[in-house]
Amino acid sequence: MSFHSMWAELLPVGRSSASGGYRRYAWTGADAECRTWFREQAEARGMAHETDRNGNQWAWLGDPAAGDAVVTGSHLDSVPDGGAFDGPLGVVSSFAALDELRDRGARFTRPVAVVNFGDEEGARFGLACVGSRLTAGRLTAEEAHRLTDGDGITLPQAMEAAGYDPGAIGPDPERLARIGAFVELHVEQGRALDLTGDAVGVASAIWPHGRWRFDFHGEANHAGTTRLADRRDPMPSYAETVLAARREAELAGAVATFGKISVEPNGVNAIPSLVRGWLDSRAADQETLDGVVTGIEKAAREYAAAHGVDLDVVRESFTPVVEFDHALRDEVARILGRDTGLTVPVLATGAGHDAGILSDRIPTAMLFVRNPTGVSHSPAESATEDDCLAGVRALADVLEGLACR
């Protein structure tokens, strides 16, 4: 099956007719359709399919127990109204790369697998990379059991409703011990490759990043009869904090985004009693990130005090800087430049990935495919078919270089 036909099969799954974006959330009907598609692709190639204790899907060529496996893949879930390429490009390209190697007559000397990591985006339960975090032991079963979606449904309840056993989730060191290298292909979330004119690049590192929840507690009251001087309105404090986040990030050369908000009681004619906003911030190094978040919190507390509002700040998740395995990164770059003699672009990214979560457990590397607009987490996310196919060939070359020697 060609890249084009696989892409066309997956394209309608979970797509909103209203926005044109994708709503493939963990343990929903759209997620189930994606999982069925993955299993069918594995079976069509004679690969052994399995779902591990944490809901990640694996398709194997060769005996996993032999160890030192070369694994590729990504994820199939999406952010709310996300684009088509973030995640699925890596999974589709992985199967297409194996097809390319079959056509080349390649013979594997190491086991090879394609993986679909579950709940990478964290759109439903608010924590990114749940499947890989659990596998790596960076999220405990107890912590995972406490995850709850916007409707009050817990992760265990969602898994059970989808037909999976939440009692089995947890670290999987035996599985990771079988893996000698993980190479994840992903659409670039930025324009670095477009600016250099390259179709494919290699990742060097992932910026440290995290999510913080800011809870501004005020007092609900009537919007039409309460004097401005008598209000304890949390909304102005939140609004000023959003602007402060922009200023702090600009000064530090970082990024900071309030992209999600919850308001109670959420009435047009009611002063809010609670405004809850989620901050996502990222920077090139830990010191810079700490400075940005500290500056935002300091400003928020000053604004809250000025409006008679209470503020709670909770760090919900955090991922330190990731330096991809240097030996594997350099080998991937060497393989890609072998036939052309050209230097492959090596670039850092501000986006988190499963490869980053696993990087302190196993050697990991990443390939990026050019995104001509740089837009991601949006229906406008894009990559040309020529660049996608260049990514497939690059991934096939890497898998051949690592698993056929």
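From a predicted model like this one, the values you see are computed outputs, not experimental measurements. (Residues numbered from 1 in each chain as written. Predicted model: local features only at pLDDT ≥ 70, side-chain atom pairs only at ≥ 80, totals over all residues. Heavy atoms only, no water.)

S.K.: Explanation requested: the overall build of the protein chain in the structure shown.
M.R.: A tally of helices and strands in the protein chain yields 13 helices and 15 strands. When its C-alpha atoms are laid out on the principal axes, the protein chain stretches across 80 × 45 × 40 Å. Here the protein chain holds 405 residues, and 52% of them are scored as buried. Sequence separation of at least 24 residues holds for 77% of the intrachain contacts in the protein chain that already meet a minimum separation of 6. Total accessible area on the protein chain stands at roughly 17,000 Å², and carbon and sulfur atoms take up 50% of it. (Helix = DSSP H or I, 4+ residues; strand = E, 2+ residues; numbered from the N terminus. Buried < 20%, exposed > 50% of the residue type's maximum accessible area, 1.4 Å probe, protein only. Contact = heavy atoms within 4.5 Å. Areas by Shrake-Rupley, 256 points an atom, 1.4 Å probe, with all protein chains shown as cover.)

S.K.: What is the right way to read the packing of aromatic side chains from this model?
M.R.: Two aromatic rings are characterised by how far apart their centres lie and by the angle between their planes. This model, assessed by the stated rule, comprises 12 aromatic pairs. The interplanar angle of 75° and the centroid separation of 6.1 Å between the aromatic rings of tryptophan 37 and phenylalanine 95 together place this pair among those described as edge-to-face. Note that tryptophan 37 is positioned in helix α2 (residues 29-44) and phenylalanine 95 in helix α3 (residues 88-104), a separation of 58 residues in sequence. Here tryptophan 37 and phenylalanine 95 have matching classes, each one buried. Geometrically, the ring pair formed by tryptophan 58 and phenylalanine 117 is edge-to-face, given 6.0 Å between the ring centres and 80° between the ring planes. Of this pair, tryptophan 58 sits in strand β2 (residues 57-61) while phenylalanine 117 sits in strand β4 (residues 112-117), and the two are 59 residues apart along the sequence. Comparing tryptophan 58 with phenylalanine 117 shows no difference in burial state: the two are buried. What links up through ring pairs into an aromatic cluster is the set Trp58, Trp60, Phe117 and Phe182. Positioned above the aromatic ring of tyrosine 164, the side-chain terminus of arginine 35 is 5.5 Å from the ring centre. Positioned above the aromatic ring of tryptophan 278, the side-chain terminus of lysine 260 is 4.6 Å from the ring centre. (Phe/Tyr/Trp six-rings, centres within 6.5 Å; stacked < 30°, edge-to-face > 60°. Lys NZ or Arg CZ within 6 Å of the ring centre and 35° of its normal.)

S.K.: I tried to follow the sheet that holds strand β9 (residues 255-264) on my own but got confused; where do I start?
M.R.: The strands that make up a sheet are held in pairs by hydrogen bonds between backbone atoms, and each pair lies either parallel or antiparallel. Across the sheet, 4 strands lie side by side as β9-β11-β7-β12; this open sheet has antiparallel pairing. One side of each edge strand has no neighbouring strand; the edge strands of this open sheet are β9 and β12 (310-319). Pairwise comparison of adjacent strand axes, ignoring direction, gives a mean angle of 15° for this sheet. In the packing of helix α9 (residues 234-252) onto the sheet, the strands contacted are β7 (209-217), β9 and β11 (274-282), and the crossing angle to β9 comes to about 170°. (Pairing = 2+ DSSP bridges. Axes fitted to C-alpha atoms, helices over the stretch in contact; angles between N-to-C directions.)

S.K.: Sorry if this is basic, but what is going on with the nonpolar core here?
M.R.: The nonpolar side chains of a soluble globular protein tend to be buried, and buried together. With 52 residues, the main nonpolar core has Trp37, Leu89, Phe95 and Leu367 as its most contacted residues. The dominant element in this core, judged by the number of residues it contributes, is helix α13 (residues 385-403), at 10 residues. Trp58, Ala355, Ile357 and Leu358 belong to the second largest nonpolar core, which has 25 residues in total. (Core = buried A, V, L, I, M, F, W, Y, C linked by side-chain atoms within 4.5 Å.)

S.K.: Could you clarify how one ought to interpret empty space enclosed by the protein in this entry?
M.R.: Unfilled space is identified by rolling a water-sized probe across the atoms. Applying the stated rule across the entire model yields 2 cavities of 30 Å³ or more. For the largest cavity, the calculated volume is near 50 Å³. Lining the largest cavity, in full, are Trp27, Asn54, Gly118, Asp119, Val130, Gly131, Leu134, Leu155 and Met159. Ranked by the residues each element gives to the lining of the largest cavity, the list is headed by helix α4 (residues 130-136), at 3 residues. (1 Å grid on protein atoms, 1.4 Å probe; cavity = no way out; pocket = protein on both sides within 12 Å on 5 of 7 lines; lining within 4 Å. Points joined across faces, edges and corners; volume = space filled by probe spheres on them.)

S.K.: Sorry if this is basic, but what is going on with the pattern of salt bridges here?
M.R.: Opposite charge on two side chains permits them to pair, given that their charged atoms come into close proximity. Under the defined criterion, the tally for this structure stands at 29 salt bridges. Across the pair glutamate 316 and arginine 213 runs a salt bridge whose closest N-O atoms are separated by 3.0 Å. Here glutamate 316 is found in strand β12, whereas its partner arginine 213 is found in strand β7, with 103 residues between them in sequence. Classification of glutamate 316 as partly exposed rests on a relative accessible area of 33%. For arginine 213, a relative accessible area of 19% gives the class buried. Taking the shortest distance from any N to any O, the salt bridge between arginine 361 and aspartate 360 comes out at 2.9 Å. Exposure remark for arginine 361: the relative accessible area of 40% places this residue in the partly exposed category. Among the charged side chains, a salt-bridge network with shared partners connects Glu50, Asp52, Arg53, Asp172 and Arg175. (Salt bridge = Lys/Arg side-chain N within 4 Å of Asp/Glu carboxyl O.)

S.K.: I tried to follow the pairing of strand β3 (residues 69-75) on my own but got confused; where do I start?
M.R.: Side chains on a regular strand alternate between the two faces of the sheet. Judged by how many residues are buried, β3 sits mostly within the fold: 7 of 7 residues are covered. Judged by which residues are buried, β3 turns out to be covered on both faces: Ala69, Val71, Gly73 and His75 on one side and Val70, Thr72 and Ser74 on the other are all buried. Note: β3 against β4, 6 bridges, orientation parallel. Counterpart to threonine 72 in the pairing with β4 is valine 114.

S.K.: Honestly, the environment of tyrosine 238 in this entry has me stumped. Any pointers?
M.R.: Mapped onto the secondary structure, tyrosine 238 falls in helix α9. Measuring from C-alpha to C-alpha, the distance between tyrosine 238 and phenylalanine 95 comes to 46 Å, with 143 residues separating the pair along the chain. In this structure tyrosine 238 touches Phe216, Phe258, Lys260, Ile261, Val275 and Gly277, once residues within four positions along its chain are discounted.

S.K.: Looking at this structure, how should I read unusual backbone geometry?
M.R.: Residues apart from glycine generally show negative phi values, whereas peptide bonds are mostly found in trans. Proline 265 follows glutamate 264 through a cis peptide bond whose omega is 0°. Among the structural elements, proline 265 can be located in the loop between β9 and β10 (270-271). One non-glycine residue, aspartate 81, lies in the positive phi region at around 55°. Mapped onto the secondary structure, aspartate 81 falls in the loop between β3 and α3. For aspartate 81, a relative accessible area of 23% gives the class partly exposed. If you check the backbone angles, aspartate 119 has positive phi at about 50° while not being a glycine. Note on aspartate 119: relative accessible area 6%, which makes it buried.

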